[in-house]
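Descriptive analysis of the structure
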Amino acid sequence: MATFLKKPLKLALVQLASGAHRQDFPPGADKAANLSHARSKVLEAAQGGARLIVLPECFNSPYGTQFFPKYAETLHPSPPSKEQSPSFHALSAIAAEANAYLIGGSIPELEPESKKYYNTSLVFSPSGSLIGTHRKTHLFDIDIPGKIKFKESDVLSPGNELTVIDLPEYGKIGLAICYDIRFPESAMIAARKGAFLLVYPGAFNTTTGPLHWSLLGRARAVDNQTYVALCSPSRDLEATYHAYGHSLIADPSAGILTEADEKETIIYADLDNETIVNTRKSIPIYTQRRFDVYPDVSGQSSK
Ligand SMILES: NC(=O)CCC(=O)C(=O)O
């Protein structure tokens with residue numbers, strides 16, 4: 001039997017409430033409060049048996065272009081000092097304390113030389129070592145008249161790399177952030193590289209969430225016959241941006257194993273290799289692809 005996932009894995013998504021919008025918290029204390037709250041929820045997930053734990057996009061700050069510069073941290077050269085990146089050090093310590101792999105949602109990053117800002121996810125091993133990073137590749141620039149206008153590119157720059165991370169005891173995961181999920185190419189490339197799971201820390205909103213969140217999660221699962229995890233902040237109607245919530249885990253047939261509502265919670269699922277292999281045996285699209293017919297999906301080659 002082909003092995004994508006070396007042994008069963010309990011996955012947890014922490015649908016975190018961040019208190020960062022509260023005017024009575026100065027920003028520095030606010031971030032510390034969010035990091036400390038994240039710690040308690042990650043430890044709770046580890047107590048629940050999870051060996052891979054995911055936090056949401058912008059988990060330690062409010063989500064909004066006006067907030068990114070204020071909350072941005074410097075990650076290079078790596079490892080950064082505690083002053084440069086309190087979140088890096090907190091996440092590393094939390095992963096070690098939880099003795100679990102930790103996908104630290106995302107944080108705003110400032111690259112000091114270029115003075116560019118990124119939306120960046122940091123991944124730590126159970127010993128607290130950094131084992132991967134992803135800079136959001138597709139920026140959330142949308143304008144739905146009368147509903148929502150958002151332009152991440154006013155402040156952020158896009159990352160230029162796709163991310164597949166090896167969790168040595170388990171196998172490979174594809175990692176991307178929120179709006180990245182709308183671009184199926186990166187998911188497919190991760191799956192072709194052998195990922196058993198595609199993870200998206202994300203923060204859809206109350207307009208696009210009901211339209212596309214679950215549909216996109218299930219679509220990436222059915223396209224690639226991998227597990228898919230979408231991890232959102234909980235909804236806070238006092239914040240300037242109303243996150244959709246509804247964190248979910250889909251199986252390789254696009255069935256939803258578990259889905260949150262909009263409140264703070266932790267959801268869990270047990271992942272195993274057999275389910276991936278059986279799904280790919282039953283409907284063998286994973287091996288039926290015709291890359292000889294479509295070697296270049298950009299449409300730019302003559303083929
Ligand atoms: N934070 C984001 O990238 C939001 C993406 C989103 O809401 C969407 O509809 O796409």
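Per chain, residue numbering runs from 1 following the sequence as it is written. In keeping with the predicted nature of the model, local features appear solely for residues at pLDDT of at least 70, side-chain atom pairs appear and are counted solely at 80 or more, and the whole-chain, interface and lining totals rest on all residues. Processing note: side-chain calculations cover all non-hydrogen atoms of the structure and skip hydrogens and water entirely.

Let us look at the overall build of the protein. Helical segments are the DSSP runs of H or I of at least four residues, strand segments are the runs of E of at least two, and each set is numbered from the N terminus. Summing up its helical and strand segments, the protein has seven helices and 15 strands in all. In this setup the radius of gyration rests on C-alpha atoms only. A globule is expected at 2.2 Å times the number of residues raised to 0.38. By the compact-globule yardstick of 19 Å for 303 residues, the protein fits well, its C-alpha radius of gyration being 18 Å. Projected onto its principal axes, the C-alpha positions of the protein cover 55 × 45 × 40 Å. For the protein, with 303 residues in total, the buried portion stands at 53%. Only the protein chains shown count as covering a residue, and every accessible area follows the Shrake-Rupley method with a 1.4 Å probe. Carbon together with sulfur atoms contributes 52% to the accessible area of the protein, which is approximately 13200 Å² in total. Each charge sign in the protein was given a centre, from 30 positive and 32 negative side chains, and these centres are 4 Å apart. In this scheme, a residue with accessible area under 20% of its type's maximum is buried, one over 50% is exposed, and one in between is partly exposed, where area comes from a 1.4 Å probe on protein chains only. His residues and chain termini do not enter the charge count, which takes Lys and Arg as positive and Asp and Glu as negative. By convention, the point assigned to a charge is CZ for Arg, NZ for Lys, CD for Glu and CG for Asp.

This part is about the pattern of salt bridges. By convention in these notes, a salt bridge is any Lys or Arg side-chain nitrogen within 4 Å of a carboxyl oxygen on Asp or Glu. Counting across every chain of the model gives 12 salt bridges. The closest approach of N and O atoms between D154 and K151, which form a salt bridge, is 3.8 Å. Take D154: its relative accessible area is 55%, and that puts it in the exposed class. Assessed through its relative accessible area of 42%, K151 is described here as partly exposed. In this structure, D223 and R220 form a salt bridge, with 3.0 Å as the shortest nitrogen-oxygen distance. Pair noted here: D223 and R220 are both in helix α5 (residues 208–224), with a separation of three residues, about one helical turn. Among the charged side chains, a network of salt bridges with common partners joins E57, K136 and E152.

Let us look at the sheet that holds strand β9 (residues 163–167). In space, the six strands of this open sheet follow the order β9-β10-β11-β12-β13-β14, with mixed pairing throughout. In this open sheet, the two edge strands, each paired with only one partner strand, are β9 and β14 (256–259). Recorded for the sheet is a direction-independent mean angle of 20° between the axes of neighbouring strands. Sheet contacts for α5: β11 (197–201), β12 (227–231), β13 (248–250) and β14; angle to β12, the most-contacted strand, approximately 155°. Paired strands, as defined in this entry, are two strands with at least two bridges between them according to DSSP. Angles here are taken between N-to-C directions and fall from 0 to 180 degrees, while the axes themselves are lines fitted to C-alpha atoms, restricted in helices to the stretch in contact. Between two residues, a contact is recorded if the distance between any of their heavy atoms is within 4.5 Å.

With that out of the way, let us pick up the site of the ligand. Around the ligand sit E57, Y63, K136, F140, C178, Y179, R182, A203, F204, N205, T208 and Y241, and that is every residue in its neighbourhood. Two N or O atoms count as a polar contact when they lie within 3.5 Å, although within protein this holds only if one can serve as hydrogen donor and the other as acceptor, and sequence-adjacent residues are included solely when both atoms are side-chain atoms. Y63 places a side-chain nitrogen or oxygen 2.9 Å from a nitrogen atom of the ligand. At a separation of 2.7 Å, an oxygen atom of the ligand approaches a polar side-chain atom of T208. When the ligand is considered free in solution it has 300 Å² of accessible area, and contact with the protein chains removes 100% of it. Here the shell around the ligand is composed, by residue class, of seven nonpolar, two polar and three charged. Distances are taken per atom, and a residue is near a molecule or strand as soon as one of its heavy atoms is within 4 Å of it. Residue classes follow a fixed rule: Ala, Val, Leu, Ile, Met, Phe, Trp, Tyr, Cys and Pro count as nonpolar, while Asp, Glu, Lys and Arg count as charged, and any other residue, Gly among them, counts as polar.

Patches in this entry comprise residues that are over 30% relatively accessible and not in a salt bridge; like charges within 9 Å are linked, as are nonpolar side chains (Val, Leu, Ile, Met, Phe, Trp, Tyr) within 5 Å. Taken together, F291, V293, Y294 and V297 make up a surface patch of nonpolar side chains, about 350 Å² in accessible area. Its location among the elements puts Y294 in the segment after α7 (285–288). Judged by relative accessible area, Y294 falls into the partly exposed class, the value being 35%.

Attention shifts here to the pairing of strand β10 (residues 171–175). Within β10, four of the five residues are buried, which leaves the element mostly enclosed by the surrounding structure. As judged from the five bridges shared by β9 and β10, these two strands associate in the antiparallel manner. From the neighbouring strand, D166 faces β10, where its bridge partner is K172. If you look at the hairpin formed by β9 and β10, you'll find three residues sitting between the two strands. As paired strands, β10 and β11 are joined by three bridges and run parallel to one another. Paired with L175 across the bridge in β11 is V199. The handedness of the β10 to β11 crossover, carried by helix α4 (residues 184–192), is right-handed. Assignment of crossover handedness uses the view with strands pointing away from the viewer, where a clockwise path from the first strand over the helix to the second indicates a right-handed crossover.

Purely geometric stuff here, so don't read any function into it on its own.
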